Amino acid sequence: MTNPLTLLVSALGSGAVEVVDLTQTLREDSPTIVLPPEFGASAPVRIERISRYDANGPAWYWNNLNFGEHTGTHFDAPVHWFTGRDLPLNTVDTLPVADMIAPACVIDCSAESADPDFLLTIAHVEAWEAKHGRIPARSWVLMRTDWSKRQGAAYANLRDDGAHTPGPDAAVMRWLVDERGILGFGTETIGTDAGQGGHLTPPYPAHHYLHGAGRYGLQCLAALDRLPPTGAVILAAPLKVHEGSGSPLRVLALIPKE
Ligand SMILES: O=C(O)C(=O)c1ccccc1S
Ligand SMILES: [Mn+2]
């Protein structure tokens, strides 16, 4: 039998499988989640040059990096939320590596997301399933909003009462986890939850139900408009940080070309 990895390498070489980068560049101006002022805050991204072929290092260029775990395009592990705090293998350094490669279902909510407070519901997902088939267990569900096309303040979309960005409602997150057994939920926005998700019941339902079931989140994704509704395979391997709750990472999609 042909080694399936040989087939994959051949398909990559011939262009039969395209690799798409779903990652936003991690920069000093990468936005971080804004929580109510009484809570701790993520550190801003710092890229501190150590040397660049100069007196501090004549033949080499390197930097010190300083950033919060939940910055830029990043991965949420179950330990990140209280509902997942006591689960086994719930940190980025212990979660099963087999979960780092998985298929994706992409739900296009780009039109609806003209309303920054749009919430994805079960009805939206059932309408998607009527066209594309049932969401397979252990799949990523990626909510395409085209929010990654926004720049600066329009991306964070902060108002006096916090961020206004689209996301899932509580019922759909419970349903995706309990009835479809998804591996995780991914968004283009700064959180897997809607910007006003703290006012839903339970608060931040994507975090609540995903991590309570030992499932994962991906945030600040890009280029979801380049993915088909089904058929893509996602590579998402967070940094192996001791007892980490999440990490910035490179997220890649393998897409079969017709
Ligand atoms: O996981 C995140 O980046 C995120 O959205 C978040 C981080 C910390 C506290 C609350 C939230 S809601
Ligand atoms: Mn996060």
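Look up: the structure comes first, before these words.
This is a predicted model, so every value here is computed, not measured. (Residues numbered from 1 in each chain as written. Chains lettered and ligands numbered in written order. Predicted model: local features only at pLDDT ≥ 70, side-chain atom pairs only at ≥ 80, totals over all residues. Heavy atoms only, no water.)

**Some thoughts on the pairing of strand β12 (residues 216–219)**
For a regular strand, the rule is simple: side chains alternate between the two faces of the sheet.
Point 1. Both faces of β12 are covered, namely the face carrying Tyr 216 and Leu 218 and the face carrying Gly 217 and Gln 219.
Point 2. Two strands pair when backbone bridges link them, and strand β4 (residues 74–76) and β12 are joined in this way by three bridges, in the antiparallel orientation. In the sheet register, His 74 faces β12, and the bridge partner there is Gln 219.
Point 3. With three bridges joining them, strand β11 (residues 184–187) and β12 adopt parallel strand pairing. When the bridges of β12 are listed, Gly 184 appears paired with Tyr 216.
Point 4. A crossover links β11 with its parallel partner β12, the connecting element being helix α5 (residues 205–212), and its sense is right-handed. (Buried < 20%, exposed > 50% of the residue type's maximum accessible area, 1.4 Å probe, protein only. Helix = DSSP H or I, 4+ residues; strand = E, 2+ residues; numbered from the N terminus. Pairing = 2+ DSSP bridges. Right-handed = clockwise from strand over helix to strand, strands pointing away.)

**Some words on the coordination of the manganese ion (ligand 2)**
Point 1. At this site the manganese ion (ligand 2) is bound by His 70 (ND1), His 74 (NE2) and Asp 76 (OD), with donor distances of 2.1 to 2.2 Å.
Point 2. Counting residues between consecutive donors of the manganese ion (ligand 2) along the chain gives the motif H-x3-H-x1-D. The two residues His 74 and Asp 76 agree in class, both being buried. (Donors = N, O, S within 2.8 Å, 3.2 Å for Na, K, Ca; no water.)

**Comments concerning the environment of Ile 50**
Point 1. Inspection of the secondary structure assignment puts Ile 50 in strand β2 (residues 46–54).
Point 2. The class for Ile 50 is partly exposed, based on a relative accessible area of 24%.
Point 3. For the pair formed by Ile 50 and Asn 63, sequence separation is 13 residues and the distance between their alpha carbons is 5.0 Å.
Point 4. Among all residues touching Ile 50, those that are not within four sequence positions of it are Asn 56, Trp 62, Asn 63 and Asn 64. (Contact = heavy atoms within 4.5 Å.)

**Topic: the nonpolar core**
Point 1. By size, the foremost hydrophobic cluster in this structure holds 27 residues, and its most contacted members are Leu 22, Phe 75, Trp 140, Leu 142, Leu 218, Leu 227 and Ile 234.
Point 2. At the level of secondary structure, the elements contributing two or more residues to this core comprise β5 (101–108), β7 (140–144), β12, β13 (232–236) and β15 (251–256).
Point 3. Of all hydrophobic cores here, the second largest spans 21 residues; its members include Ile 107, Ala 170, Leu 176 and Phe 185. (Core = buried A, V, L, I, M, F, W, Y, C linked by side-chain atoms within 4.5 Å.)

**Examining the state of the cysteines**
Point 1. As enumerated under the stated definition, the model contains zero disulfides in all.
Point 2. Here Cys 109 is not cross-linked by a disulfide; its sulfur's nearest cysteine counterpart is in Cys 105, at 13 Å. (Disulfide = S-S within 2.5 Å.)

**Details of the site of ligand 1**
Point 1. Around ligand 1, the structure places Ile 33, Leu 35, His 70, His 74, Asp 76, His 80, Trp 81, Gly 191, Tyr 204, His 207 and Gln 219.
Point 2. One of the side-chain N or O atoms of His 74 is found 3.2 Å from an oxygen atom in ligand 1.
Point 3. Measuring from an oxygen atom of ligand 1, one finds a side-chain N or O atom of Gln 219 at 2.9 Å.
Point 4. When ligand 1 sits alone it has 320 Å² of accessible area, and the protein chains cover 88% of it. (Near = heavy atom within 4 Å. Polar contact = N/O pair within 3.5 Å; in protein donor to acceptor, adjacent residues only side chain to side chain. Areas by Shrake-Rupley, 256 points an atom, 1.4 Å probe, with all protein chains shown as cover.)

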